[in-house]
Amino acid sequence: MVPREQAEEAIVADGNGKEEEMGVMGVGAAADGDEHGGSGKFSVKNLFWHGGSVWDAWFSCASNQVAQVLLTLPYSFSQLGMLSGVLLQLFYGFMGSWTAYLISVLYVEYRSRKEKEGVSFKNHVIQWFEVLDGLLGPYWKAAGLAFNCTFLLFGSVIQLIACASNIYYINDRLDKRTWTYIFGACCATTVFIPSFHNYRIWSFLGLGMTTYTAWYLAIAALVNGQVEGVTHTGPTKLVLYFTGATNILYTFGGHAVTVEIMHAMWKPARFKYIYLLATLYVFTLTLPSASAMYWAFGDGLLTHSNAFALLPKTRWRDAAVILMLIHQFITFGFACTPLYFVWEKVIGMHDTKSICLRALARLPIVVPIWFLAIIFPFFGPINSAVGALLVSFTVYIIPALAHILTYRTASARMNAVEKPPSFLPSWTGMFVINMFIVVWVLVVGFGLGGWASMVNFIRQIDTFGLFAKCYQCPKPVVAQSPVPLPHH
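What you see is a predicted model, and the numbers here were worked out from it, not measured in a lab.

Turning to the packing of helix 2 (residues 54–65) against helix 11 (residues 274–297), a few remarks are in order. With their axes 9 Å apart at the nearest point, helix 2 and helix 11 run at an angle of 50° to one another. Between helix 2 and helix 11, the interaxial angle falls into the category oblique. In terms of crossing hand, the pair formed by helix 2 and helix 11 is right-handed. In this structure, helix 2 uses Val54, Ala57, Trp58, Cys61, Ala62 and Gln65 to contact helix 11, whose residues at the interface are Ile274, Tyr275, Leu277, Ala278, Thr279, Tyr281 and Val282. Counted by class, the contact of helix 2 with helix 11 contains 11 nonpolar, 2 polar and no charged residues.

This paragraph deals with the environment of Met262. With respect to the helices and strands, the residue Met262 is situated in helix 10 (residues 258–263). Judged by its relative accessible area of 0%, Met262 is buried. With 154 residues separating them along the chain, Met262 and Val108 place their C-alpha atoms 9.4 Å apart.

Here the structure, examined in full by the defined rule, presents 24 aromatic pairs. Ring plane angle 75° and centroid distance 5.0 Å describe the contact between Phe393 and Phe446, whose orientation is recorded as edge-to-face. Here Phe393 is found in helix 14 (residues 381–406), whereas its partner Phe446 is found in helix 16 (residues 427–464), with 53 residues between them in sequence. When the centroid spacing of 6.2 Å and the interplanar angle of 45° are considered together, the rings of Trp427 and Phe431 count as tilted. Of this pair, Trp427 and Phe431 both sit in helix 16, 4 residues apart, which is roughly one turn of the helix. Among the aromatic residues, those joined into a cluster by ring pairs are Trp55, Trp58, Phe59, Phe204 and Tyr281.

Okay, the packing of helix 4 (residues 82–116) against helix 16 next. Any two packed helices are characterised by the angle at which their axes cross and by the distance between the axes. Viewed as axis vectors pointing N to C, helix 4 and helix 16 meet at an angle of 125°, and their least axial separation amounts to 12 Å. Between helix 4 and helix 16, the crossing angle belongs to the class labelled oblique. The element helix 4 and its partner helix 16 pack so that their crossing is left-handed. Where helix 4 approaches helix 16, its residues Phe91, Tyr92, Met95, Trp98, Thr99, Tyr101 and Leu102 are matched on the opposing element by Met430, Ile433, Asn434, Phe436, Ile437, Trp440, Val441 and Val444.

Let's shift gears to empty space enclosed by the protein. Tallying each qualifying case throughout the model produces 6 cavities of 30 Å³ or more. When its volume is computed, the largest cavity comes out at roughly 220 Å³. Taken together, 19 residues make up the lining of the largest cavity; nearest its centre are Asn64, Phe151, Tyr250, Gly254 and Thr331. Those elements that provide at least two residues to the lining of the largest cavity are helix 2, helix 6 (138–167), helix 9 (238–251) and helix 12 (315–347). It is helix 6 that provides the largest number of residues to the lining of the largest cavity, a total of 4 residues. Taken together, the residues that form the lining of the largest cavity break down as 9 nonpolar, 10 polar and no charged.

Calculation criteria
Residues numbered from 1 in each chain as written. Predicted model: local features only at pLDDT ≥ 70, side-chain atom pairs only at ≥ 80, totals over all residues. Heavy atoms only, no water. Axes fitted to C-alpha atoms, helices over the stretch in contact; angles between N-to-C directions. Helix = DSSP H or I, 4+ residues; strand = E, 2+ residues; numbered from the N terminus. Parallel < 35°, antiparallel > 145°, perpendicular 65-115°, else oblique. Left-handed = near helix turned anticlockwise from the far one by under 90°. Contact = heavy atoms within 4.5 Å. Nonpolar A, V, L, I, M, F, W, Y, C, P; charged D, E, K, R; others polar. Buried < 20%, exposed > 50% of the residue type's maximum accessible area, 1.4 Å probe, protein only. Phe/Tyr/Trp six-rings, centres within 6.5 Å; stacked < 30°, edge-to-face > 60°. 1 Å grid on protein atoms, 1.4 Å probe; cavity = no way out; pocket = protein on both sides within 12 Å on 5 of 7 lines; lining within 4 Å. Points joined across faces, edges and corners; volume = space filled by probe spheres on them.

Next comes the structure, spelled out in structure tokens:
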């Protein structure tokens, strides 16, 4: 355990608006066992607003990992086939959990080192690019900042596209582009949520919503049964195969916000295995829903990237659509909040106490997201492109390389705050796993996946065009004029 003098400060606001300084191991002004983040008095504000426990972090990780991707995984199964779809989910799920663990280790190392220099993080949220800067220098900071911000930008874009795609299945009187305008304005209200410390109730509700949606997809597909003439020919083309594979890589690469979630915890060092536990729960949602949908609809999913499109309109489906819309609003906030932090630091507003001033300063971040969602409304294919080109580096390659370089010397390993885990007590073993991840993701994820996803993405542009008004919407039935009867 890190000594008291080596513990960094993390902001924990109590119910009276006071601030307490807590260390990376949970040592600070409050008692070590006190995990309510305040004076010990119960309040509704603490219950719903101030979340920094292990459970809060678990809900945040699980909720953030399974948003609209639930609706695109059946599409990926149609590209990959059933066996590859299941195996790749397990493979990338455990790989993503490992790199999330690496990020948590590097975060704790960074905080401990900065404490020795007398640095305080009061009123400052640590982010991934700052961890890279502190451990490896400015070039790594630049790489982390570029990849992370671009990924979060497009992650937010994807949520807006998903909102428009989903609501269309309840109300098709407006086209998807118009719905994007509307939901862009709605999602802009996330500028008022200060940090991940304030997502307690939203994370809890969000996971409940995706749980309902996942089991609705699975049960509805089984009840509906296999459609007439269903075929399961996947995989048929390399382009489709690697496009589907990178969508799954994207599914379990949702931890670009890991550092911010850790920083919101009262005891960040407890984060180590939270992402793995969250992933195990996510498997119970993604595997049954995607498998059942592919079993029922087979190759029909190849032209329907949103699973809702193939299920009959019922009140159960409408409920799932509405719940997913609310959850996508929450996930938009998850993806945007780190961008808000970066922008606040750039313009010198990060230490500002006023929520309204910070909200006003954050608004310029929403505008480009809104615009990109209107340009590229390709629900499904955009996930694969983002996964191959951005997630591959942000979530897999950079953390694995950063861990190797941070602990490359004997002195760094000897003085490491976090030693190798009990199930792999060898530094050499850790480095071997990290190098495997780097090579695999670089070749399969970025290389082959990037080629396939960009070919597919360009194909969508050629087919539907930029600024598509209604991507993959059913074509209106043109009433045919009656054939005139012959005159006698």
